[in-house]
Structure formats: C-alpha cells, structure tokens
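Listed below, chain by chain, are the residues.
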Amino acid sequence: NQGAYRLLKEYRKKRPGNKVLLERANAWIEAKEAEEEALRLAREQAAVDDGWTVVSSRKGRHKNRDAEGTNTKAVARAAAEARRKDAAHHKDFYHFQQREARRNEILELQDKFKQDKLRIAELRAKRKFNPYDM
C-alpha cells in the first residue's frame, strides 16, 4: 500500500497538471516569438547598415473597403444572398401552392388576352384600327 502511494506521488511530480503545462507552453511560445522578432530586426538593421533600402511588402490592396474599413463587396453580397434566400424561401413553399400560382398566372394571361381581343374587335368595328396606337 505504501509503495503504491509513493509511486503515484513520483508519477504526479514528473507530470504537472494542465495549468502548469499551459504556462510552460505559453512561455516557450512567447520566448520563441521574441527571438524571431529580434532576428528579423537584426537582419533589417544589418541591411540598412550595408546601405540597402528595406522595402516592406503590403499584402494586397483593399479597394473594396469604405472609410471605416468595412468590406463593402462582402456586405452587398451577403445582403443580396439574404434577399434571394428570403424570396425563394417564402414564395409558394408547398407544391400545391406552386401549382395554384401557375394556374392563376395562366388565367390572368387568358383574361388579358380576351380583353385585348375584344378591344381589337371593337376598334376594327369602328374601322380605325391601328395596332401601334394601343
């Protein structure tokens, strides 16, 4: 019994908890980043001392940003997509609604056609028919 507790204690000493492990990892990462930054600055300084002009690159131009830095193209695209989804989502959800909408549209077109036919017949009866005068 005593030996198991001793082994467990030694095991826990060798393997610290998550907090200690996270602190060690963060410290190592910060040290590595600081070291890389120091190397970069040293290289730039050496280039400047040798008479070279150090040119830093900008990663792309943001032509589609407004004064606040908002990506206007993405905002417009998102708004258009939302409108398209909303229109497609709410209009005639069920199949019978689609069928009724198509039938109603055809009936409206037929009514308009009949009215136009009557009007043309009326104008022909008056002998003053001009198809471009409608």
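Residues numbered from 1 in each chain as written. Predicted model: local features only at pLDDT ≥ 70, side-chain atom pairs only at ≥ 80, totals over all residues. Heavy atoms only, no water.

Trainee: Just checking my understanding: could you explain the overall build of the protein for this structure?
Mentor: A tally of regular secondary structure across the protein gives four helices and zero strands. Along its sequence from the N terminus, the protein presents helices and strands in the succession α-α-α-α. Sorting the 134 residues of the protein into buried and exposed places 0% on the buried side. Accessible area of the protein: about 13,400 Å², with a carbon and sulfur share of 54%. (Helix = DSSP H or I, 4+ residues; strand = E, 2+ residues; numbered from the N terminus. Buried < 20%, exposed > 50% of the residue type's maximum accessible area, 1.4 Å probe, protein only. Areas by Shrake-Rupley, 256 points an atom, 1.4 Å probe, with all protein chains shown as cover.)

Trainee: Whenever I open this one, the packing of aromatic side chains confuses me. Can you help?
Mentor: Given two aromatic rings, one states the distance between the centres and the angle between the planes to describe the pair. Enumeration over the complete set of coordinates arrives at one aromatic pair. Pairing Y94 with F96 gives two aromatic rings, centres 6.0 Å apart and planes at 15°, and the pair type is stacked. Taking the relative accessible area as the measure of exposure, F96 reaches 41% and is therefore partly exposed. (Phe/Tyr/Trp six-rings, centres within 6.5 Å; stacked < 30°, edge-to-face > 60°.)

Trainee: Please clarify how helix α2 (residues 18-49) should be interpreted in this entry.
Mentor: Counting along an α-helix, one turn takes 3.6 residues, and residues three or four places apart therefore face a common direction. Here α2 spans 46 Å end to end across 32 residues, near enough to the 46 Å set by a 1.5 Å rise per residue. Phi turns positive, to about 100°, at G51, one or two residues after α2. (Expected span 1.5 Å × (residues − 1).)

Trainee: Would you mind going over a negative patch on the surface with me for this structure?
Mentor: Together, E30, E33, E35 and E36 make up a region of like negative charge exposed at the surface. One can find E30 in helix α2. On the basis of relative accessibility, which here comes to 55%, the residue E30 falls in the exposed class. (Patch = residues over 30% accessible without salt bridge, like charges linked within 9 Å, V, L, I, M, F, W, Y side chains within 5 Å. Salt bridge = Lys/Arg side-chain N within 4 Å of Asp/Glu carboxyl O. Lys, Arg positive; Asp, Glu negative; His and termini not counted. Charge placed at Lys NZ, Arg CZ, Asp CG, Glu CD.)

Taken by themselves, the reported measurements are silent on function.
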